[in-house]
There are 2 protein chains.
Amino acid sequence: MNKYYTITELTREFGVSTRTLRFYEDEGLVQPERRGRTRLFRQADRRLIQEILRGRRIGFTIAEIREIIQVYKDPPGEEGQLKLLMKRVDEKRNELRQKRKDIEETLNELDNVEEACLTRLAEIGVST
Amino acid sequence: MNKYYTITELTREFGVSTRTLRFYEDEGLVQPERRGRTRLFRQADRRLIQEILRGRRIGFTIAEIREIIQVYKDPPGEEGQLKLLMKRVDEKRNELRQKRKDIEETLNELDNVEEACLTRLAEIGVST
DNA sequence: AGCGGCTTTTACGTAAAAGTCAATTTTTCT
DNA sequence: AGAAAAATTGACTTTTACGTAAAAGCCGCT
């Protein structure tokens, strides 16, 4: 059946504005089809948007996200390009591992904060 | 001995600019002492900066970081405030868990990209 | 006293990623 | 067909987190 999605269906699903999706199109991240001037998003576009938003959540810039999409769309074939790409991939991975560590540590801290809150509440004599 | 750090010592240690550290002071995140007009950072300031930068890496805004610092500096004592804080902590934790999941997934994808690169290189006949 | 180097303050600038608004279309419903 | 609802476009604005440039102060050294 190959369903089409309207822009507002997707904004509702992902909790973003139409402006945002149009912005992503302007930036060349997605290329929905058109019927007249209306955008028609396919499954592929929808999945792409999921990936874009995931990238956004972990702090990738639009440029970085576009780069990643590019690599999937047409992977480099030449040795120099491939090695460069691998280097960039390795850097990104290190960055993400650091970020993951930062998150673990912060999660632990937040656990402590919660503990402290519970303790304090108990002191005041509030049963949780 | 209670050593003081100059602003440039810290910029070198953490790889940030003096502008950044002054900005954090303007935003009320750190309060180094002064000798004349010169800032003198203590160990406590230094550790605080570490935490600020960690927060920054995982995408916290200055306002959020300030809020966290505030909670440490003077924790709420009243029931309503405590419960509110716990709610905010819980939200933050969920957000961070999502982010961690996003990172895991992206790390896996990057592994695949690397694999693909190696395969392609082997195809071209390059020994890695 | 002069120099180099670091520091300060003030003030304006900027890039990224949208948000907002107004003026048109276009589509949908009856 | 005609009104209402939804979508598009373009221009302008906003927010965050600093960057940058100018003009000057302080400090140790020679």
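Residues numbered from 1 in each chain as written. Chains lettered and ligands numbered in written order. Predicted model: local features only at pLDDT ≥ 70, side-chain atom pairs only at ≥ 80, totals over all residues. Heavy atoms only, no water.

*Asks:* So what's going on with the domain arrangement of chain A? Which residues, and what values?
*Replies:* Residue and element names in this part refer to chain A. Structurally, chain A comprises domain 1 (1-75) and domain 2 (79-128). The gap between the C-alpha centroids of domain 1 and domain 2 is 28 Å. Contact with domain 1, which involves six residues of that partner, is made by five residues of domain 2. Surface buried jointly by domain 1 and domain 2 totals about 450 Å² across both partners, of which 57% is contributed by carbon and sulfur atoms. Its largest share of buried area at the contact with domain 2, domain 1 owes to Ile58, Phe60 and Glu67, together 66% of the area lost on that side. Counting across the interface, domain 1 meets domain 2 through two salt bridges. Here Arg88 and Glu67 are joined by a salt bridge, their closest N and O atoms 2.7 Å apart. There are three residue pairs in polar contact (both at pLDDT 80 or more) connecting domain 1 and domain 2. Of the residues assigned to the side of domain 1 that touches domain 2, the class counts are three nonpolar, one polar and two charged. (Domains from an automatic or database assignment. Contact = heavy atoms within 4.5 Å. Buried area = accessible area lost by both parts, 1.4 Å probe. Salt bridge = Lys/Arg side-chain N within 4 Å of Asp/Glu carboxyl O. Polar contact = N/O pair within 3.5 Å; in protein donor to acceptor, adjacent residues only side chain to side chain. Nonpolar A, V, L, I, M, F, W, Y, C, P; charged D, E, K, R; others polar.)

*Asks:* Could you give an account of the side chain of Arg39 of chain A, with specific residues and numbers?
*Replies:* Residues and elements named next belong to chain A. Of note, Arg39 is situated in strand β2 (residues 38-40). With relative accessibility at 17%, the residue Arg39 sits in the buried group. Within polar-contact distance, the side chain of Arg39 engages the side chain of Glu25 at 2.4 Å. Those residues in contact with Arg39, other than ones at most four positions away along the chain, are Tyr5, Ile7, Arg22, Glu25, Pro32, Glu33 and Arg34. (Helix = DSSP H or I, 4+ residues; strand = E, 2+ residues; numbered from the N terminus. Buried < 20%, exposed > 50% of the residue type's maximum accessible area, 1.4 Å probe, protein only.)

*Asks:* Tell me about the pattern of salt bridges, and name the residues and values.
*Replies:* Pairs can form between side chains of opposite charge whenever their charged atoms are close. Under the counting rule described, the total for this entry stands at 37 salt bridges over all chains. Note that Glu79 of chain A is salt-bridged to Lys83 of chain A, the shortest N-O span being 3.2 Å. Here Glu79 of chain A pairs with Lys83 of chain A, and both are found in helix α5 (residues 79-124), just four residues apart, close to one helical turn. Notably, a salt bridge pairs Glu114 of chain B with Arg93 of chain A, separated by 3.0 Å at the nearest N-O pair. Taken together, the residues Glu114 of chain B in helix α5 (residues 79-124) and Arg93 of chain A in helix α5 connect one chain to another. We classify Arg93 of chain A as buried; its relative accessible area is 6%.

*Asks:* Lay out the protein's contact with DNA strand C in plain terms, naming residues and giving numbers.
*Replies:* Residues in contact with DNA strand C amount to 20 residues; listed here are only the nearest, Ser17, Tyr24 and Arg56 of chain A together with Thr8 and Arg39 of chain B. Sugar and phosphate atoms represent 80% of those atoms of DNA strand C found within 4 Å of the protein. Here a base oxygen of DNA strand C and a side-chain polar atom of Arg19 of chain A are 3.2 Å apart. Breaking the surface near DNA strand C down by element, the ones donating at least two residues are α2 (18-26) of chain A together with α1 (7-14), α2 (18-26) and β2 (38-40) of chain B. (Near = heavy atom within 4 Å.)

*Asks:* Tell me about the relation of the copies chain A and chain B, and please be specific about residues and values.
*Replies:* Of the two same-sequence chains, chain A is brought onto chain B (RMSD 0.2 Å, axial shift 0.1 Å) by a rotation of 180°. These values place the two chain copies in the arrangement generated by a two-fold rotation axis. Across chain A, the smallest distance between a C-alpha and the rotation axis is recorded for Arg100 of chain A, namely 3.1 Å. Interface overlap between copies is the fraction of interface residues in one copy that are interface residues in the other; for chain A against chain B it reaches 100%, indicating a shared surface. (Least-squares fit on C-alpha atoms with pLDDT ≥ 70 in both.)

*Asks:* With reference to specific residues and values, describe the interface of chain A and chain B.
*Replies:* It is common to give the size of an interface as the accessible area that goes away when the parts come together. Each side of the interface is counted separately: chain A has 38 residues, and chain B has 38 residues. Buried surface at the junction of chain A and chain B, summed over both partners, amounts to about 4000 Å²; 67% is from carbon and sulfur atoms. Ranking the residues of chain A by area buried against chain B places Arg54, Met86 and Arg93 of chain A at the top, with a combined share of 15%. Put simply, chain A and chain B have twelve salt bridges between them. Between Asp102 of chain B and Arg57 of chain A there is a salt bridge, and its shortest N-O distance comes to 2.5 Å. Counting across the chain A and chain B interface gives 14 residue pairs in polar contact (both at pLDDT 80 or more). Residue contributions to the side of chain A that touches chain B peak at 29 residues, all from α5 of chain A. Looking at the side of chain A that touches chain B, its residues break down into 18 nonpolar, three polar and 17 charged.

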